[in-house]
Amino acid sequence: MGMGRARSTRRAAAMFCAGVFATGALAACGSGGDAATVSIYMYPEDSFQTLVDKCNAQAAGRYHITYNKLPRTADGQREQLVRRLAAGDKSLDILGLDVTWVPEFAEAGWIDEWTGADKAAAQQGVLPGPLETAIWNGKLYAAPKHTNVQLLWYDDRITPAPPATWDEMMAQAQELKAQGKPHNILFTGAQYEGLVVFYNSLVESAGGHILSEDGKSVVMDAGAVKALQILKQLTTSGITDASLTNQKEDEVRQAFQRGNGAFELNWPFVYASYGKEKPQDLPHFKWTTYPSVIPGTPGKTTIGGIDLAISSYSQHKPEAFEAALCLRSPDSQKFSAIKDGVPPVDEALYTDNAPLDPTKPVDPDNNPSMATEYPMRDAILAALKSAAVRPLTPAYQSLSTVMSKILSPPSDIDPQGTAQELRDQLSAALESKGVIP
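Enquirer: What am I meant to see in the overall build of the protein chain here?
Expert: Counting its regular elements, the protein chain contains 17 helices and 11 strands. Expected size for 437 residues packed as a compact globule is a radius of gyration near 22 Å; at 22 Å, the protein chain falls within 12% of this value. Overall, the C-alpha framework of the protein chain stretches about 70 × 55 × 35 Å when taken along its three principal axes. Here the protein chain, with 437 residues, has 58% of them falling under the buried criterion. Considering only contacts within the protein chain whose residues lie at least 6 apart along the sequence, 76% involve residues at least 24 apart. Carbon and sulfur atoms make up 49% of the accessible area of the protein chain, which amounts to about 16,500 Å² in all.

Enquirer: Mind showing me how you'd approach the state of the cysteines here?
Expert: The term disulfide refers to a covalent linkage connecting the sulfur atoms of a pair of cysteines. Enumeration over the complete set of coordinates arrives at one disulfide. The disulfide that involves Cys55 links it to Cys326, with 2.1 Å between the sulfurs. When the S-S torsion is -95°, as for the bridge of Cys55 with Cys326, the disulfide is left-handed. Of this pair, Cys55 sits in helix α2 (residues 48-59) while Cys326 sits in helix α12 (residues 317-327); the two residues are 271 residues apart in sequence, bridging distant segments of the chain. The buried category is assigned to Cys55, whose relative accessible area is 0%.

Enquirer: Where do I start with the packing of helix α8 (residues 193-205) against helix α16 (residues 396-406) in this structure?
Expert: Axes are the key here: two packed helices are described by the angle between their axes and the distance separating the axes. For the pair α8 and α16, the least separation of the axes is 9 Å and the interaxial angle reads 90°. In terms of axis orientation, α8 runs roughly perpendicular to α16. Contacts from Glu193, Leu195 and Val196 of α8 reach α16 at Tyr396, Ser400, Met403 and Ser404. Split by residue class, the contact of α8 with α16 holds four nonpolar, two polar and one charged.

Cut-offs used in this document
Residues numbered from 1 in each chain as written. Predicted model: local features only at pLDDT ≥ 70, side-chain atom pairs only at ≥ 80, totals over all residues. Heavy atoms only, no water. Helix = DSSP H or I, 4+ residues; strand = E, 2+ residues; numbered from the N terminus. Rg over C-alpha atoms; globule rule 2.2 N^0.38 Å. Buried < 20%, exposed > 50% of the residue type's maximum accessible area, 1.4 Å probe, protein only. Contact = heavy atoms within 4.5 Å. Areas by Shrake-Rupley, 256 points an atom, 1.4 Å probe, with all protein chains shown as cover. Disulfide = S-S within 2.5 Å. Axes fitted to C-alpha atoms, helices over the stretch in contact; angles between N-to-C directions. Parallel < 35°, antiparallel > 145°, perpendicular 65-115°, else oblique. Nonpolar A, V, L, I, M, F, W, Y, C, P; charged D, E, K, R; others polar.

Set out below in structure tokens:
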């Protein structure tokens with residue numbers, strides 16, 4: 001899912017209700033009265049209740065949103081939603097879906113298509129990559145709420161000039177190793193979705209494909225094999241952490257902060273963590289977009305995020321569509337980006353310099369802006385404009401499980417042999433399109 005989204009809130013929500021959206025209705029923050037209840041089921045996001053309160057106030061008594069928190073893990077979230085939807089549960093209205101779940105839920109008939117004015121509003125200003133995750137078979141089935149992309153992080157005292165390509169990065173790592181300096185290339189090498197995301201980024205950067213465009217057949221072309229070759233070289237050249245196969249996002253972050261690496265491929269959440277734990281070194285913590293596999297062609301990173309869908313079993317569909325649009329409006333996206341560290345899908349927000357409360361001066365501690373919270377926003381936007389999505393298929397859960405198992409440990413990869421194993425096993429997984437709870 002939108003990996004890297006964890007970030008503790010630092011400012012009181014009172015300021016938000018008092019003036020962020022500058023509407024008189026905000027005096028009613030938190031009121032619900034006897035309005036029809038519209039439920040949203042989504043992962044725990046620290047400041048999301050404040051958005052719910054704001055949208056309830058704007059609804060002016062026509063409906064009342066309730067925020068139901070799903071488990072923190074993606075598997076736990078999906079399991080709860082799948083079981084309740086499979087049982088036809090009518091108490092679910094808005095669903096916060098990981099960007100890989102939309103095809104599965106649409107194919108199962110659990111979520112409604114967005115049409116007309118709702119569709120136009122959900123698509124307006126949204127970057128192409130995030131929008132692609134909400135579409136299945138040419139139809140819009142969700143409204144992108146937030147997105148995420150990984151960047152290449154480095155310390156300019158160790159690496160004054162970041163590498164432009166994977167070959168350059170591996171060569172720099174070898175040179176630093178020979179000099180006795182931090183040299184490891186750190187990435188999510190554990191057997192889980194993070195390894196699949198990393199591999200998919202390499203495949204897309206190499207111009208390759210794992211599945212066909214319609215998601216109905218396995219391709220595993222030359223670009224996919226090239227990505228396997230890079231993974232093999234990367235993990236057998238003495239330039240990865242000894243704990244690679246146990247490393248997920250936070251372990252990667254910690255390894256870099258301990259001085260165990262020269263390069264970190266990770267989500268933007270690492271910047272806030274670095275600033276909190278090593279503030280004296282923050283001016284040297286730099287970032288850039290993913291290195292290229294093909295020189296002269298931008299590297300691609302796989303996007304994460306959350307899309308808001310409307311349950312087919314909802315008893316309050318008009319209200320649910322309206323509420324979902326409010327919860328992911330540009331103002332709501334900006335608030336969530338600044339307070340909870342989840343990058344927006346609206347392109348215009350990446351050049352928005354106004355603070356949360358536009359009536360007061362920018363203050364990094366009390367009235368922050370996108371500029372104060374996202375100094376790397378230009379790199380995030382550049383990455384989003386060339387971003388890759390994970391293979392779109394109703395069987396993605398099965399495919400992800402297969403890929404993470406076959407790719408682990410990466411040092412055991414035999415590019416041609418592993419490619420054929422992936423072709424065989426992924427083809428078998430595609431043939432079973434049923435829901436896996």
